[in-house]
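Tertiary structure, described
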Amino acid sequence: MAMKKEENSKMEEIISLTKRRGFVYQGSEIYGGLAGTWDYGPYGVALRNNIKSLWWKKFVTDREDMYGLDAAILMNQNVWKASGHVSGFADPLVEDLKTKKRYRADHLLEQAGFEVKGLKPEQMDALIKEKLVKSPDGNPLGEVRQFNMMFKTYIGAQQSDDSISYLRPETAQGMFVNFKNIRDSFSPKLPFGLAQIGKAFRNEIAPRDFIFRLREFEQMEIEYFVNPAEWRQQFDAFYAEQYSFLTDSLGLNPSKIHKVEVPDADRAHYSKHSVDTEFDFPFGQKELLGLAYRTDFDLKAHSEASKVDLSYFDEETKERYFPHCIEPTFGVDRLMLAVLSDAYTEDELGGEGEKRVYLKFSPKVAPVKVAVFPLLKNKPLLVEKAREVYQMIRKEIPATMFDDNGNIGKRYRRQDEIGTPFCVTIDFDTIEKDNTVTLRDRDTGKQERVAIGDITLHLKEKLLK
Ligand code: ATP
């Protein structure tokens, strides 16, 4: 979609900052890149790990009804036949008849100003013909057809129909096929859930918007099994939990978060009710998370196809049935982009009328929580003291870094750009006068002097806020 100038430039700033500072690099960059793939550098990995561990804590460790899992990416092809992905996991594709470039039909229609929510591929086709919608290069378009997004591969040395496998397009199926294993090992009673974090792959027709639409990405998903009578209550409870994860755990701005009921025609083939959480990204309001009521679709389908009984005997009601499933699903990369774009801030604190750029991360997600510097790097006494303070703080706050690169102004700028909430500077007063250090707050730029003996506790209290 054509971005407005201002939005466009904000995305460009974010892309360039995250590259410059070691968060995100273009995949295979030295060979010209590979569309739909990005690589994460040290701060990117740290940010993602924070997002993932906050998620795991909230949804797995802090609950008694969740079971963690890490299933294989490659699965028996029958999994994807039974789940409906081989026949139905597709996006509407349309081709520019002249250039042969391919586009998502819904995206082209959206760009041309049409409402596409709820439209079936044949309706998109009719709309393109009726309104003579052209490609971005101004050429006529062909028929809209469904394009299956699974990456196909072959297992072993034989390339035959029997050796086909797919890179999983969602982590969910790993949980359905392990439903029985978890029941056998732990005998959980309903309601209970399985949770996992892992890579998923989709051959998106048009990957775009930086790390928003990728061909290789990471999901955090829960399959929560319930008695069908309870589905609505559990569904609403998970919506509230998803919301509080975004606001309380990640610190996202609530005014940018929107609840959107998914119309019937747009729901995935397995879902009876879906609510998306959309977010105001710099390029517009787009899906960040999903919540779907998958009913008993998957367990039933896998029971039939595998001939392994995945039904459940309910001791309370004395009934046997297939549990129904509520699926909250999160994309790590989209969350990372939401966190980055929400945190991206410019102000006038750069000094001498210069603008300052900083990432206003919540301390919980910030890759580096505290940076410690000596005021000057060529004064051994300052460096030695700064190292001592650094080692002391690091014992209690592991994400602390030592920084003596460049002058102090450059260090503040760097730490602001990677979103470090607090910087601690050791100067001559520390050594010659009063054993205090300067503590600088990222957001206000304000500095205060704190005694070395109090600094770690003081920082811990501030980081918890
Ligand atoms: P979209 O409509 O944007 O293609 P979707 O509705 O197909 O997304 P789901 O199938 O619900 O997405 O996937 C669950 C979550 O996985 C999404 O909410 C999103 O966070 C993430 N996700 C899906 N596709 C991609 C992708 N191509 N790149 C990055 N993240 C993705």
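Residues numbered from 1 in each chain as written. Predicted model: local features only at pLDDT ≥ 70, side-chain atom pairs only at ≥ 80, totals over all residues. Heavy atoms only, no water.

What follows concerns the overall build of the chain. When its secondary structure is counted, the chain shows 15 helices and 24 strands. Across its three principal directions, the C-alpha atoms of the chain cover 80 × 65 × 50 Å. Across the 465 residues of the chain, 52% fall into the buried class. Within the chain, counting contacts between residues at least 6 apart in sequence, those at least 24 apart form 65% of the total. Looking at the chain as shown, the accessible area adds up to about 22,200 Å², and 50% of this sits on carbon and sulfur atoms. The average position of the 68 basic charges and that of the 74 acidic charges among the side chains of the chain differ by 3 Å. (Helix = DSSP H or I, 4+ residues; strand = E, 2+ residues; numbered from the N terminus. Buried < 20%, exposed > 50% of the residue type's maximum accessible area, 1.4 Å probe, protein only. Contact = heavy atoms within 4.5 Å. Areas by Shrake-Rupley, 256 points an atom, 1.4 Å probe, with all protein chains shown as cover. Lys, Arg positive; Asp, Glu negative; His and termini not counted. Charge placed at Lys NZ, Arg CZ, Asp CG, Glu CD.)

Okay, the domain arrangement of the chain next. The assigned domain composition of the chain is domain 1 (2-74 + 169-340) and domain 2 (368-464). Computed from C-alpha coordinates alone, the two centres of domain 1 and domain 2 are separated by 37 Å. Contacts between domain 1 and domain 2 engage 6 residues on the former and 7 residues on the latter. In this assembly, domain 1 packs against domain 2 so that about 540 Å² is buried in total across both faces, 52% of it on carbon and sulfur atoms. Applying the counting criterion to the domain 1 and domain 2 interface returns 2 salt bridges. When the shortest N-O distance is used, the salt bridge between Glu 417 and Arg 20 registers 2.8 Å. (Domains from an automatic or database assignment. Buried area = accessible area lost by both parts, 1.4 Å probe. Salt bridge = Lys/Arg side-chain N within 4 Å of Asp/Glu carboxyl O.)

The residue Arg 168 is located in the loop between strand S9 (164-167) and helix H7 (172-177) in this model. Excluding anything up to four places from it in sequence, Arg 168 contacts Ala 71, Ala 72, Ile 73, Trp 80, Gln 196, Gly 198, Lys 199, Ala 200 and Phe 201.

Of all hydrophobic cores here, the largest spans 65 residues; its most connected members are Phe 245, Leu 250, Leu 335 and Phe 361. Looking at which element gives the most residues to this core, the answer is helix H11 (residues 332-343), with 8 residues. Taken domain by domain, the makeup of this core includes at least three residues from each of domain 1 (2-74 + 169-340) and domain 2 (368-464). When sequence neighbours within four positions are dropped, the list of residues in contact with Leu 250 reads Ile 51, Leu 54, Phe 245, Leu 335, Val 339, Ser 362 and Val 365. Among the nonpolar cores identified, the runner-up in size contains 20 residues, and Val 372, Phe 422, Ile 455 and Leu 463 belong to it. (Core = buried A, V, L, I, M, F, W, Y, C linked by side-chain atoms within 4.5 Å.)

This part covers the sheet that holds strand S14 (residues 284-295). Taken in spatial order, the 7 strands of this open sheet run S3-S10-S11-S17-S14-S13-S12, and their pairing is mixed. Each of the sheet's edge strands pairs with one partner strand only, and the pair in question is strand S3 (66-68) and strand S12 (257-261). On average, adjacent strands in this sheet sit at an angle of 25 degrees to one another, irrespective of strand direction. Relative to strand S13 (residues 273-281), S12 runs antiparallel, the two sharing 5 bridges. (Pairing = 2+ DSSP bridges. Axes fitted to C-alpha atoms, helices over the stretch in contact; angles between N-to-C directions.)

What follows is about the site of the ligand. The full set close to the ligand counts 14 residues, and Glu 204, Arg 213, Leu 214, Glu 287 and Leu 288 are the nearest of them. At 2.8 Å, a side-chain N or O of Glu 204 approaches a nitrogen atom of the ligand. At 3.3 Å, a side-chain N or O of Gln 219 approaches an oxygen atom of the ligand. Considering the ligand on its own, with 600 Å² of exposed area, one finds that the protein chains cover 84% of that surface. Mapped onto the shell around the ligand, the elements with two or more residues apiece are strand S11 (216-226), S14 and strand S17 (324-331). The element contributing the most residues to the shell around the ligand is S14, with 4 residues. (Near = heavy atom within 4 Å. Polar contact = N/O pair within 3.5 Å; in protein donor to acceptor, adjacent residues only side chain to side chain.)

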